[in-house]
Amino acid sequence: MTAQEWAFAIVGVLGSVAAIRLVTSKNVVHAALWLVVTLATVAAAYLILGAEFVGWVQVLIYVGAIVVLLLFALMLTKAPIGREALDNQQRGLAAIVGLGVLVGLIFLLQGAFGGKRIHTVPTVMKQVGTALFRDYVLPFEVVSVLLLAALVGAIVLARKDEGE
Amino acid sequence: MIRLVFPLFFAAILFSAGIYGVLARRNAVLVLMSIELMLNAVNVNLVAFSQYLHQLTGQIFALFVITVAAGEIGIGLAIVILIYRNRETIDVDEVDLLKW
């Protein structure tokens, strides 16, 4: 194994453990903190793969904004603590489905891409900018309109009605 | 040099954990967190194949997925807070207005 592979393996194991703790923890705030660890390891994985811009966007948007949003939502809603309050009765069935998907995907991916290797060439930000504003400028604008619509929709939904 | 299956297996584990979380959790905010986990798994795949094929399209789409995920979490949490204000609970098993 190369140094990059060792680094990715460590990050991957850490992220996998954090993801499993996230979906099994008995406390909602602990779950949110495990989500931070998972998202940070995904950002580290992007950096190891050489996708610098996506990695830092991941840190800014997910770790910086989305986790704070989730923590605020947890603060505004009363959540009971404990396994029975957080998980439903179909835990066993859900675990079977999850494990089934995992085993199926691993067999499929190992069969299809078993011997392939990534020759990581770091992506320069200039390339990303050129691609984004030349080849993908229409989807970029559509996504910005979508974000604006989501912003307005969230404000309309969450504000208190007049006279309440 | 990284074996392509490393990021793919990492993404598969994240996606399976997300599926378990969506199916097993009762708290709506935890369900949203599990959905974020699944979207992240997709992004890892997109970036890995982008680097494997030496084409930027995957990374651009990962950026779009991150943007859409941000919008989705904003709307989702607004709906969760609205449900909490009206029904005093965010247990997805008890919100069954549309169930016949």
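Residues numbered from 1 in each chain as written. Chains lettered and ligands numbered in written order. Predicted model: local features only at pLDDT ≥ 70, side-chain atom pairs only at ≥ 80, totals over all residues.

Observations concerning the overall build of chain A
Next up, step 1: Check the secondary structure of chain A and you find 7 helices and 1 strand.
Next up, step 2: In chain A, the succession of α and β elements from N to C terminus is α-α-α-α-α-β-α-α.
Next up, step 3: Relative to the compact-globule value of 15 Å for 164 residues, chain A shows a C-alpha radius of gyration of 20 Å, a clear excess of over 25%.
Next up, step 4: With 164 residues in all, chain A has 27% of them scored as buried.
Next up, step 5: Relative to all contacts within chain A whose residues are 6 or more apart in sequence, the contacts with residues 24 or more apart total 63%. (Helix = DSSP H or I, 4+ residues; strand = E, 2+ residues; numbered from the N terminus. Rg over C-alpha atoms; globule rule 2.2 N^0.38 Å. Buried ≥ 20, exposed ≤ 12 C-beta atoms within 10 Å, placed from the backbone. Contact = placed C-beta atoms within 7 Å.)

A few points about the confidence of the model for chain B
Next up, step 1: Summing up the model confidence of chain B, the mean pLDDT is 91 and the portion of residues at 70 or higher is 100%.
Next up, step 2: Here the predicted complex scores 0.91 on pTM and 0.91 on ipTM. (pLDDT = per-residue confidence, 0-100.)

A few points about the interface of chain B and chain A
By a widely used convention, the size of an interface equals the accessible area lost when the partners come together.
Next up, step 1: On the side of chain A, 76 residues touch chain B, which itself brings 61 residues to the contact.
Next up, step 2: For the side of chain B that touches chain A, the elements supplying multiple residues, two or more each, are strand 1 (2-3), helix 1 (5-24), helix 2 (28-53) and helix 3 (57-87) of chain B.
Next up, step 3: If one sorts the elements of the side of chain B that touches chain A by residue count, helix 3 of chain B sits on top with 20 residues.
Next up, step 4: The residue inventory of the side of chain B that touches chain A, partitioned by class, reads 44 nonpolar, 12 polar and 5 charged.
Next up, step 5: Relative to strand 1 of chain B, strand 1 (residues 117-118) of chain A is paired through 2 bridges, and the arrangement is antiparallel. Opposite I118 of chain A, over in strand 1 of chain B, you have I2 of chain B as the bridge partner. (Nonpolar A, V, L, I, M, F, W, Y, C, P; charged D, E, K, R; others polar. Pairing = 2+ DSSP bridges.)

Let's talk about the environment of Q58 of chain A
Next up, step 1: Checked against the element boundaries, Q58 of chain A lands in helix 3 (residues 52-76).
Next up, step 2: Linking Q58 of chain A and V29 of chain A, residues 29 residues apart in sequence, is a C-alpha distance of 21 Å.

Topic: the packing of helix 3 of chain A against helix 2 of chain B
Next up, step 1: At a closest axis distance of 11 Å, the pairing of helix 3 of chain A and helix 2 of chain B adopts a crossing angle of 175°. It follows from the interaxial angle that helix 3 of chain A and helix 2 of chain B lie roughly antiparallel. Residue-level inspection shows V54, I66, L70, A73 and L74 of chain A of helix 3 of chain A in contact with helix 2 of chain B, the latter providing V29, M33, E36 and V47 of chain B.
Next up, step 2: Here the contact of helix 3 of chain A with helix 2 of chain B is built from residues that sort into 8 nonpolar, no polar and 1 charged. (Axes fitted to C-alpha atoms, helices over the stretch in contact; angles between N-to-C directions. Parallel < 35°, antiparallel > 145°, perpendicular 65-115°, else oblique.)

Digging into the confidence of the model for chain A
Next up, step 1: Per-residue confidence for chain A gives a mean pLDDT of 90, with 98% of residues at or over 70.
Next up, step 2: Looking over chain A, one finds the lowest element-wise mean pLDDT in helix 4 (residues 83-86) of chain A, namely 72, and the highest in helix 2 (residues 28-49) of chain A, namely 94.

Points about helix 7 (residues 137-158) of chain A
In an α-helix, one full turn covers 3.6 residues, which means residues spaced three or four apart are oriented alike.
Next up, step 1: Over its 22 residues, helix 7 of chain A runs 32 Å from end to end, which matches the ideal 32 Å to within 8%, given 1.5 Å per residue.
Next up, step 2: Little of helix 7 of chain A sits inside the fold, with 2 of its 22 residues counted as buried. (Expected span 1.5 Å × (residues − 1).)

Here we look at helix 2 of chain B
Residues and elements named next belong to chain B.
Next up, step 1: Helix length check: helix 2 (26 residues) gives 38 Å between terminal C-alpha atoms against 38 Å at 1.5 Å per residue, within 8%.
Next up, step 2: Here helix 2 lies mainly inside the structure; 20 of its 26 residues are buried.
Next up, step 3: H54, located one to two residues past helix 2, shows a positive phi value of around 55°.

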